[in-house]
Structure formats: C-alpha cells, structure tokens
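Geometric and topological summary
Here's the letter readout for the chains.
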Amino acid sequence: MSFSGAPTFQWPPRGFSWRLYHNFFTSPVWLDSLRNSLLVALLTALLATTVGTAAAVALSRLHGRLARFVRTLLMVPIVAPAIVVAVAVYISFLGWRLTGTVPGYVLAHTAIAVPYVLVSVTGALGGFDQRLLKASASLGASPWRSFVRVTMPLISRGILTGAIFAFIVSFDEVVIALFLRSPQFQTMPVQMYNSVTVEIDPTISAASSLMVVAVTIIFLVPQLLRGRARRR
Amino acid sequence: MTHDTTVKATGSSPGTRSGTEIRLDHVTKDYGLEAPAVDDISLTIEPGEFMTLLGPSGSGKTTTLNLIAGFETLTAGTIVLNGADVSNVPPHRRNLGMLFQHYALFPHMTVAQNVAYPLRERRADKREIARKVAEVLELVQLTGRDDHHPAQLSGGQQQRVALARAIVFEPRALLLDEPLGALDRNLRSALQVEIRRIHREVGSTFVFVTHDQEEALNLSDRIALFNSGHIEQVGTPQQLYAEPETLFTARFLGDSNVFELGQAALDENLTWDGETWGIDPGTVAAHPGVRTRSAIVVRPEDVEVVNRLDEVPAGANAVRATVRDVEYMGAYRTLLLTMGERRLPGRARVSALHGDHAVGDDLVAWWRPRAQRIVAA
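Here is what the cut-offs are and how they apply
- Residues numbered from 1 in each chain as written.
- Chains lettered and ligands numbered in written order.
- Predicted model: local features only at pLDDT ≥ 70, side-chain atom pairs only at ≥ 80, totals over all residues.
- Helix = DSSP H or I, 4+ residues; strand = E, 2+ residues; numbered from the N terminus.
- Buried ≥ 20, exposed ≤ 12 C-beta atoms within 10 Å, placed from the backbone.
- Contact = placed C-beta atoms within 7 Å.
- UniProt positions renumbered as here; feature names shortened; annotations may be inferred.
- Pairing = 2+ DSSP bridges.
- Domains from an automatic or database assignment.
- Core = buried A, V, L, I, M, F, W, Y, C linked by C-beta atoms within 7 Å.
- Expected span 1.5 Å × (residues − 1).
- Arc of directions from axis to C-beta.
- Nonpolar A, V, L, I, M, F, W, Y, C, P; charged D, E, K, R; others polar.
- pLDDT = per-residue confidence, 0-100.

1. Some points on the overall build of chain B
Check the secondary structure of chain B and you find eight helices and 20 strands. With respect to the principal axes defined by its C-alpha atoms, chain B has extents near 80 × 45 × 40 Å. Sorting the 377 residues of chain B into buried and exposed places 42% on the buried side. In chain B, the share of contacts with a sequence separation of at least 24, taken over all contacts with a separation of at least 6, comes to 69%.

2. Remarks on the overall build of chain A
When you go through chain A residue by residue, the secondary structure sums to 11 helices and zero strands. Shown N-terminal to C-terminal, the secondary structure of chain A runs as helices and strands in the order α-α-α-α-α-α-α-α-α-α-α. Along the longest, intermediate and shortest principal axes, the C-alpha atoms of chain A span 70 × 50 × 25 Å. The buried share of chain A, taken over its 232 residues, is 39%.

3. Some thoughts on the environment of B:Ser256
Residue and element names in this part refer to chain B. In this structure, Ser-256 sits in the loop between α8 (247-252) and β11 (257-262). Since 22 C-beta atoms lie within 10 Å of it, Ser-256 is described here as buried. Aside from chain neighbours lying at most four places away, what touches Ser-256 is Ala-250, Arg-251, Val-297, Val-298 and Arg-299.

4. Some remarks on the UniProt feature "domain: ABC transmembrane type-1" (unreviewed entry) in chain A
With numbering matched to this structure, UniProt assigns "domain: ABC transmembrane type-1" (unreviewed entry) to residues 34-222 of chain A. Split by type, residues 34-222 of chain A is 84% helix and 0% strand. Its first and last C-alpha atoms lie 23 Å apart.

5. Structural notes on the pairing of strand β8 (residues 205-210) of chain B
All names here are of chain B. Among the six residues in β8, six count as buried, and that is most of the element. Residues Thr-205, Val-207 and Val-209 line one face of β8 and the alternating positions Phe-206, Phe-208 and Thr-210 line the opposite face, and both faces are buried. Across five bridges, the pairing between strand β3 (residues 50-54) and β8 is parallel. Within β8, the residue paired with Phe-50 across the bridge is Phe-206.

6. A word on the domain arrangement of chain B
The domains assigned to chain B are domain 1 (22-239) and domain 2 (250-376). A separation of 39 Å is found between the C-alpha centroids of domain 1 of chain B and domain 2 of chain B.

7. Description of the UniProt feature "transmembrane region" (unreviewed entry) in chain A
Residue and element names in this part refer to chain A. The sites that carry the UniProt feature "transmembrane region" (unreviewed entry) are, in the present numbering, residues 38-60, 72-93, 105-128, 159-180 and 200-225. Taken end to end, residues 159-180 is 91% helix and 0% strand, and its two terminal C-alpha atoms sit 28 Å from one another. Across residues 200-225 one finds 88% helix and 0% strand; the C-alpha atoms that close the span lie 40 Å apart.

8. Digging into the pairing of strand β18 (residues 344-351) of chain B
Residues and elements named next belong to chain B. Pairing between strand β17 (residues 332-339) and β18: eight bridges, direction antiparallel. Note that in β18 the partner of Thr-334 across the bridge is Arg-349. In this structure, the hairpin formed by β17 and β18 is closed by a connection of four residues, where Gly-340 is found at a positive phi of approximately 70 degrees.

9. A few points about the nonpolar core
Core analysis: the largest hydrophobic core is formed by 101 residues, its most contacted members being B:Ala164, B:Leu175, B:Val207, B:Ala365 and B:Val375. With six residues, helix α4 (residues 155-167) of chain B is the largest single contributor of residues to this core. Inspection of this core shows a minimum of three residues originating in each of domain 1 (22-239) and domain 2 (250-376) of chain B. A:Val106, A:Ile112, A:Tyr116 and A:Val117 belong to the second largest nonpolar core, which has 37 residues in total.

10. Concerning helix α4 (residues 82-96) of chain A
Residue and element names in this part refer to chain A. With 15 residues, α4 should cover 21 Å at 1.5 Å per step; its first-to-last C-alpha distance of 21 Å lies within 8% of that length. Residues of α4 that are buried: Ala-86, Val-89 and Phe-93. One side of α4 holds all its buried residues, which, seen down the axis, span an arc of 70 degrees. Away from its buried face, by an angle of more than 90 degrees, α4 presents the exposed residues Ile-83, Val-84, Ile-91 and Gly-95. Considering only its buried residues, α4 is in contact with α5 (102-126) and α9 (175-180). Taken from the residues just after α4, Arg-97 is the one with a positive phi, measuring 60 degrees.

11. Some details on the interface of chain A and chain B
Taken together, the contact pairs 14 residues of chain A with 19 residues of chain B. Where the side of chain A that touches chain B is concerned, the elements lending two or more residues are α6 (131-138) and α7 (143-154) of chain A. Among the elements that make up the side of chain A that touches chain B, the one with the highest residue count is α6(A) (six residues). Residues that form the side of chain A that touches chain B fall into these classes: eight nonpolar, three polar and three charged.

12. Points about the sheet that holds strand β5 (residues 84-85) of chain B
Residues and elements named next belong to chain B. Spatial strand order, β2-β1-β4-β5: four strands in an open sheet with antiparallel pairing. Whereas interior strands pair on both sides, the edge strands pair on one side only; in this sheet they are β2 (38-45) and β5. In this structure, strand β1 (residues 22-29) lies alongside strand β4 (residues 76-81), joined through five bridges in antiparallel fashion. Looking across to β4, one finds that Arg-23 is bridged to Val-80.

13. Section: the confidence of the model for chain B
Atom-level detail of predicted coordinates should not be read off regions where pLDDT is low. Residue and element names in this part refer to chain B. In this model, chain B carries a mean pLDDT of 87, and residues with pLDDT of at least 70 account for 95%. Within chain B, the lowest mean pLDDT, 80, falls on strand β12 (residues 269-272), and the highest, 95, falls on β3. Per-residue pLDDT stays below 50 along residues 1-17; that stretch engages in 31 contacts with residues further than four places along the chain or on separate chains.

This is the structure:
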C-alpha cells in the first residue's frame with residue numbers, strides 16, 4: 001500500500017509509485033518527528049542500558065528480601081498499564097516543566113525501558129562465573145577495571161540485547177509520548193497517530209513500512225553479530 | 001612499596017629467597033554461626049617458605065587463605081606482609097598471586113592475553129609484557145600455545161596457564177587454593193613436581209591449601225594443620241608425622257594404632273589392659289593437654305608381630321592381637337588386628353616375605369617404647 005499511486009487509502013493498491021516515500025522524505029513534519037524519535041530512542045537506550053546493567057550487576061550480588069523488593073520495583077513499569085504510567089508521568093512532569101522536552105521523553109522512556117535491560121542482562125549474568133572477579137582482583141584489577149575487562153565482555157550480548165530492546169521500546173512508544181508532546185516536539189509514533197486521526201494522510205503507510213523495516217533490521221543486529229562471532 | 005623486595009627481584013633467578021613474610025596475628029573470622037570459622041589464629045610464614053594449610057573441609061584453612069588474599073574481611077586480628085599491616089587493604093592492592101581450584105581463566109582471552117592481564121593492569125609497556133609472557137610460558141612449559149583459548153586446553157594445561165598468570169607479575173607471595181583438586185591422579189603428581197620446581201626457581205613465599213595429606217607431606221617446607229577453626233600443630237612434614245602433639249594430628253597424617261590412656265601418670269611405666277609398658281620420656285608431647293587426657297600412638301610400620309609372648313624382646317611393649325584381615329599391598333602386607341581385651345582395631349605393616357598370617361591367627365604385636373608417641377587426646 002505504501003507503493004500505491006493513489007492520493008488516498010485504497011485496497012487493493014493501484015499502480016506503483018514512490019510518491020508516498022517522496023512525501024515522507026520531503027515533509028519537514030515527518031522528518032522532524034523521525035529525527036526526534038531517533039534522538040529520544042538513542043538517548044533512552046544509552047541511559048536505560050547504563051541504569052539497567054548497573055542494577056542487574058548489583059542485584060546479582062545481593063540476596064534476600066531487599067534485593068527481591070528492588071527487583072520487583074524496577075519491573076513495575078512492564079506490568080503497569082501504559083495509560084496509568086503516562087498520566088502519572090504527565091502530572092509530575094508538568095510540575096517539573098519537563099513536558100515537551102528531550103530530557104522529559106528520555107526519562108519517561110527510560111523508566112519503561114529499564115526492565116527490558118534488567119531482564120536481558122540478568123540472564124547473561126546467570127552464565128557468568130563470578131569467581132573470575134576474584135581472580136581479576138588477585139591480579140591487581142580494581143572492581144571497576146574488572147567490570148570493564150572481564151564482566152562486560154562476557155555479558156556483552158545481554159547488554160546489547162537490552163540496549164536494542166530499550167531503543168525499540170522508546171522508538172515505538174506512543175501513549176506517554178502523546179501526553180508529553182508539544183507543538184514544537186513530537187515523536188514519529190505521535191505524528192503517525194495524528195495522521196490517521198486528524199489528517200488522514202496516506203504518507204503514514206510509507207512511514208509505518210519504514211518503521212517496520214527499521215525495527216526488523218535493529219532486531220537482526222545481534223543475530224548477525226552472533227554469526228560473525230561463531231565463525232571467528 | 002619500598003618494603004617490598006619481591007617486586008624488584010627477577011622472577012626466574014634460581015635460588016633467591018626473596019619472598020615475603022606473612023604474619024597472622026590473632027586472626028578471627030566469625031560469620032555469626034555456632035563457632036567462628038577461624039578462631040584466634042597466629043602464624044608466621046617465613047620469606048620464601050612453602051607453607052601448607054592442611055585440614056579437613058570446614059576447618060578454616062580456605063577462609064584463612066581468603067583472609068590473606070583480602071577476599072574476606074577480618075573480624076579481629078591483623079595480617080602483616082613484610083611488616084606492613086594490610087588488614088584493610090583491598091585484594092587488588094595486596095599484590096598477591098592466587099591459584100584457584102577451578103583455574104578461573106578468562107574465557108574470552110587467549111593464553112597470552114590471560115597471562116598479560118596482571119601486567120597490563122600495572123601499565124607495563126608492550127615489549128616488556130611480551131618478553132615476560134614468553135619467559136613465564138617457557139617456565140610452565142607452554143611455549144607456542146599463546147593464541148589458544150582456555151577452552152582449547154586440557155585441565156592440566158589450563159592450571160599451568162593460571163600458574164603463569166599468577167606469578168608473571170612477581171607477586172609478594174603465591175596463594176594456592178587446592179589447585180590440584182580438579183585434576184586426575186597422574187596429572188596431580190606431575191603438577192606437584194612442577195609447583196615444587198617453580199617454587200625453587202621463583203623463590204617467593206607459597207601458601208598452599210589442601211585437604212590431601214600426601215600432597216602436604218610431599219610439597220611443604222612446613223605444614224599448619226587446621227582443626228575446627230584453630231591450628232592444631234605447625235611443623236615440618238617430618239615433625240608432624242613423627243612427633244605429633246595431639247591425637248588429631250596423629251590420626252590426620254598417616255595411620256596410627258591408638259591406645260587411649262585417659263589421665264595417666266606418664267612416668268617410668270604404665271599399665272594398659274593388664275600389660276606393663278615402658279615409656280621413653282622423649283616421646284611425650286610437650287602439649288599441655290597431655291597431662292589431662294593422653295593417648296599412645298604407634299605407627300603401623302613400627303609394629304612387629306611374633307607368634308608367642310616369649311619371643312618379644314626385653315624392654316618392648318607388647319599386646320595380644322588377633323588377625324582380622326590381611327591387605328596385600330605389593331611390597332608389604334598390612335595386618336588388620338584386634339588388640340587386647342578391649343578389642344581395639346589396629347594395624348601392623350609386615351614384609352611381604354615375612355611368613356604367612358591367616359585371618360583368625362593369634363599373635364603378639366610389639367614395638368619399642370621410643371617408637372611410640374604419647375599425645376594429648
């Protein structure tokens with residue numbers, strides 16, 4: 001449908017044309033929203049991966065009630081209904097003047113992305129031999145150096161998977177973004193939502209196709225890396 | 001670190017006794033369980049010494065090693081390396097090499113990268129690293145395996161890589177935590193020889209933890225025998241075997257015939273089960289407990305057997321015995337006996353050429369008073 005020549009939504013698509021893609025890549029509204037989305041998603045992936053990895057490493061060393069409580073607390077955003085999180089975020093961010101700003105989007109998206117990083121890094125740490133850290137310390141490496149040179153390389157796949165999940169959670173997120181949007185700053189999912197509810201703009205079919213392709217490529221990255229690692 | 005001589009010593013100069021003195025002063029580690037894991041231990045390990053911490057599992061030997069390494073915090077006491085108190089120094093600043101039972105090689109690094117790891121942490125320059133890595137891999141006889149990953153090596157080779165990695169940075173001392181425990185019998189003895197040779201060549205202090213008495217007797221300059229959180233006895237392997245102070249030591253190292261005396265007058269003679277036995281004052285342990293509860297121990301190789309009481313030489317201590325079983329060990333036989341009216345289990349080692357003994361035979365077992373040892377029970 002994204003390759004349709006028709007000026008409105010039609011099924012089955014008639015003719016073949018790049019027109020809708022041309023629309024997409026020449027419209028400042030769409031391009032801005034794409035740029036915003038990429039920016040927010042990248043920063044979210046960075047922040048959520050850092051926080052989630054740190055939390056996973058810390059929790060892997062702690063046992064008992066407190067650790068279980070913290071773990072559950074961090075997982076809450078995954079089970080809480082999106083609209084509840086969105087309203088709560090909106091109300092707090094209004095007071096903090098964070099609505100419609102990049103830090104606002106990044107913080108809100110990080111909160112819902114951290115659980116994905118936590119799960120994937122915790123999984124990777126399950127196969128990590130903590131005794132290697134003792135060896136590393138005995139060889140003169142500080143805890144931070146041991147993390148960089150031993151832990152991180154050995155759980156890199158879990159970290160990468162978590163980062164990709166975090167990126168995609170943010171890139172796809174629409175409910176919180178709807179609440180946080182401002183006339184000057186919108187993410188792509190919000191623009192897509194507008195284009196079907198307000199404008200009925202067929203460019204959305206090109207936009208959604210692009211999104212699916214992008215997300216698919218990102219998901220394939222670890223598969224490709226794994227293939228390369230195995231050949232080595 | 002001006003007090004540290006090991007760092008400056010060249011790793012491969014043979015015969016240098018440039019090790020570090022390790023002093024444990026009233027060291028205690030209490031996890032809050034029934035009894036402290038390590039209970040008020042004091043021990044001085046001499047520079048360049050091969051000290052083995054020997055004991056059954058749960059006796060506190062591994063905890064003590066972890067305290068020296070810094071992986072456990074002290075509940076009380078101090079640990080002093082060459083005069084410097086390191087009790088509160090984190091493990092990565094103690095400059096002690098460590099060898100683990102499970103090798104603990106970094107799986108994502110090659111052999112050369114593993115061995116270079118401690119040097120890179122110390123920011124040595126590239127050529128220096130390459131030279132030292134090659135040198136130490138030659139020392140452990142693994143030249144040419146530089147680019148292998150640990151998973152491609154056998155257990156024995158992996159432990160040799162770990163050994164190379166633990167000594168390449170010329171640590172103040174090497175701590176070995178049952179490093180041969182995961183290897184099969186042949187490899188164990190090969191690596192024992194290897195470890196002894198490297199100890200001779202490097203000349204630094206080695207602290208070796210094991211529960212295997214043969215390994216301890218074989219390798220050590222001195223042994224500290226651990227028993228439920230305290231040190232039972234410290235001494236050379238010969239001292240511990242030939243002059244045990246306590247019944248625990250006598251039983252842990254080698255086989256013993258044990259005659260419990262309770263509180264006995266340890267003067268000229270004593271009677272046991274109706275037999276009158278002589279005592280050699282030189283064989284009474286110095287341990288203070290020997291006055292309140294004592295036991296006579298006799299090694300099976302010091303026990304001789306004869307058929308009749310009148311064949312026992314004058315001055316020897318004798319006891320009537322019945323053969324319970326015979327173990328044929330090739331060069332010798334071990335007779336499993338029941339001794340005296342109390343029917344104590346006992347052992348005598350006899351030459352394989354020396355007569356035939358059948359199960360059920362009545363004998364007389366005897367030994368010289370100076371062959372026995374009177375220990376605290």
